[in-house]
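# Architecture and fold: a report
Now for the letters of each chain:
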Amino acid sequence: MFDVNEIRRDFPILSRQVYDKPLIYLDNAATTQKPRQVVEAITNEYYSVNANVHRGVHFLSQQATELHEAAREAVRAFINAGSADEIVFTRGTTESINLIASSFGEAFVNQGDEITITAMEHHSNIVPWQMMAARRGAKLRVAPIDERGEILMDELLGLISDRTRLIAVAHVSNVLGTVNPVKQIISSAHAKGVPVLVDGAQAVPHVAVDVRDLDADFYVFSGHKVYGPTGIGVLYGKRRWLEAMPPYQGGGEMIKDVTFERTTYNDLPYKFEAGTPDYVGSNALAAALRYVTSIGMDDIAAYERRLTDYAMQRLAAIDGIRIFGTSPGKGAVISFLVGGIHHLDMGTLLDRLGIAVRTGHHCAEPLMHLLGIEGTVRASFSFYNTMDEVDALADGIVRVARMFR
Ligand code: PMP
């Protein structure tokens, strides 16, 4: 097992102070901090390699292209995709889902068809489907969850009909922390001939993901949540789907030949990558994946398991706390409310203690409606957090609660 204090030295921001107090950063589900290795990948590339990729014969352009394509291969290996052609770089989870909703929708969704999601989805796994459904005359079906925050599997599978074109489901909930049984969902959906998209935004940073073992049709995630830079993300799609889907945007890179009359499109994955790609971002994302791989995804998962279990135990013992999401084996996310204290007040006062948590609906308003609340306070953990920080969070919550009594 790694030494967390040694790890923390890789993240300069973790040793800064806020309000003259040591920063305790517990907003990792929103975005993670960056290790030196990632920041250096960015500066090194701008200082010594920068040139536009794919189109240049000159030295720098070729070197930048090699880095960009090596990054694609690094992503492929990280999620065990079968081919780098199935890895499309996007701006993030949101753009990946919008791309699929748009292109898959155009190719496969017609009047009266259905897309099935779950009650715990992030807005970015709801709204693109609503927009596409409105364009195609399709309907959105929503699988319910139970009081622990687990999908009611029978209900989900019961929603699958001969009109179901796709199931889109989060691997890990960004509010409840629930780790959904995506492998089981995929095999049940496949038995009925329905493909599945997995929103892996909250899974990829925490557990080893193997898209071929899952047999996912689409798997998407964001670089910035897995210690990489902002503005780069990944869409994995099985070749048979990607080949059958039309391009999402038009422009450079995605074409083979263009005349004013007609255009032929490039091969995968370039067909879906119009314009200059974020080649500095892709290289830095690869650095992030190398970084977490060097620590070991299994060690990361084991450490975060201990951290989350300890945090659940400490927080559950607080008077008047309500924790949303109590599924066994849940991910490193704890959403809560204490007594009648508004989530914003709790978040603001914790912030004054140097503790960064997120407050609000966490881009899951329909879930908040279902829970009958407006929002929660959310603490989310990374392998660079410590048991002492969990103690500080628990003590901080108690201190704030006392102020309101
Ligand atoms: N899905 C889930 C489950 C998320 O947690 C998030 C980010 N909060 C997103 C999608 C959207 O990710 P991004 O904003 O990086 O596109």
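Calculation notes
- Residues numbered from 1 in each chain as written.
- Predicted model: local features only at pLDDT ≥ 70, side-chain atom pairs only at ≥ 80, totals over all residues.
- Heavy atoms only, no water.
- Salt bridge = Lys/Arg side-chain N within 4 Å of Asp/Glu carboxyl O.
- Helix = DSSP H or I, 4+ residues; strand = E, 2+ residues; numbered from the N terminus.
- Buried < 20%, exposed > 50% of the residue type's maximum accessible area, 1.4 Å probe, protein only.
- Pairing = 2+ DSSP bridges.
- Axes fitted to C-alpha atoms, helices over the stretch in contact; angles between N-to-C directions.
- Contact = heavy atoms within 4.5 Å.
- Near = heavy atom within 4 Å.
- Polar contact = N/O pair within 3.5 Å; in protein donor to acceptor, adjacent residues only side chain to side chain.
- Areas by Shrake-Rupley, 256 points an atom, 1.4 Å probe, with all protein chains shown as cover.
- 1 Å grid on protein atoms, 1.4 Å probe; cavity = no way out; pocket = protein on both sides within 12 Å on 5 of 7 lines; lining within 4 Å.
- Sits in = over half its atoms within 2 Å of the grid points.
- Nonpolar A, V, L, I, M, F, W, Y, C, P; charged D, E, K, R; others polar.
- Core = buried A, V, L, I, M, F, W, Y, C linked by side-chain atoms within 4.5 Å.
- Points joined across faces, edges and corners; volume = space filled by probe spheres on them.

Here we come to the pattern of salt bridges. This model, assessed by the stated rule, comprises 21 salt bridges. Residues Glu273 and Arg72 are paired through a salt bridge, measuring 2.8 Å at the closest nitrogen-oxygen approach. Here Arg72 lies in helix α3 (residues 59–79) and Glu273 lies in the loop between β12 (263–265) and α10 (279–295), a separation of 201 residues in the sequence. According to the relative accessible area criterion, Arg72 is buried, its value standing at 1%. A network of salt bridges, in which partner residues are shared, links Asp27, Arg358 and Arg378.

Take unusual backbone geometry next. With an omega dihedral of 0°, the bond running from Leu268 to Pro269 counts as a cis peptide bond. Note on placement: Pro269 falls in the loop between β12 and α10. In this structure, Glu253 takes a positive phi of about 75° despite not being glycine. Using a relative accessible area of 10% as the deciding quantity, one classes Glu253 as buried. We note that His362 has phi near 55°; this positive angle belongs to a residue other than glycine. Position of His362 relative to the elements: it lies in the loop between β16 (358–360) and α13 (365–371).

An order of β13-β14-β17-β16 is seen for the four strands of this open sheet, with the pairing classed as antiparallel. Looking along the sheet, the strands with just one partner apiece sit at the ends: β13 (321–324) and β16. When strand polarity is set aside, the average angle formed by the axes of neighbouring strands in this sheet is 30°. In terms of strand pairing, β13 meets strand β14 (residues 333–338) through four bridges, oriented antiparallel. Note on β14: the bridge partner recorded for Phe324 is Ser335.

One can find Phe89 in strand β4 (residues 87–90). Through-space distance from the C-alpha of Phe89 to that of Tyr279 is 9.3 Å; in sequence the pair is 190 residues apart. Setting aside anything within four residues of it in sequence, one finds Phe89 in contact with His68, Ala71, Arg72, Val75, Ile232, Gly233, Val234, Glu273, Ser282 and Leu285.

What follows covers the site of the ligand. Taken together, the residues surrounding the ligand are Thr93, Thr94, His122, Ser124, Asn174, Asp199, Ala201, Gln202, Ser222, His224 and Lys225. Take Thr94: an N or O atom from its side chain is 2.5 Å from an oxygen atom of the ligand. For the ligand, the protein covers 85% of the area, taking 400 Å² as the surface of the free molecule. In a pocket analysis with a 2 Å cut-off to the grid points, the ligand is assigned to the largest pocket. Of the residues contributing to the shell around the ligand, the split by class is one nonpolar, eight polar and two charged.

Take the environment of Phe59 next. Relative to the helices and strands, Phe59 resides in helix α3. Classification of Phe59 as exposed rests on a relative accessible area of 61%. Residues Phe59 and Val49, spaced ten residues apart in sequence, show a C-alpha to C-alpha distance of 9.0 Å.

A word on the side chain of Ser327. Along the chain, the position of Ser327 falls in the loop between β13 and β14. Assessed through its relative accessible area of 6%, Ser327 is described here as buried. Ser327 has contacts with Arg148, Glu150 and Thr178, leaving out every residue within four places of it along the chain.

Let us look at the nonpolar core. If you look at the biggest cluster of nonpolar residues, it comprises 101 residues, and the most contacted ones within it are Tyr219, Leu315, Phe336, Leu350, Phe381, Phe383 and Leu393. Examining the composition of this core, we find that nine residues originate from one element, α10, more than from any other. Sequence-distant contacts of Leu350, defined by excluding residues within four places in its chain, comprise Ile355, Val357, Val377, Leu393, Gly396, Ile397 and Val400. Counting 25 residues, the second largest nonpolar core, distinct from the first, contains Leu99, Ile117, Trp129 and Met245.

It is worth spelling out the layout of surface pockets at this point. Space inside the largest pocket adds up to approximately 420 Å³. Together, 29 residues line the largest pocket, and Thr94, His122, Ser124, Lys225 and Cys363 are the ones closest to its centre. Taken together, the elements giving at least two residues each to the lining of the largest pocket come down to α4 (93–108) and β16. Residues of the lining of the largest pocket, tallied by class, amount to seven nonpolar, 15 polar and seven charged.

The quantities given are spatial measurements derived from coordinates; they are silent on function.
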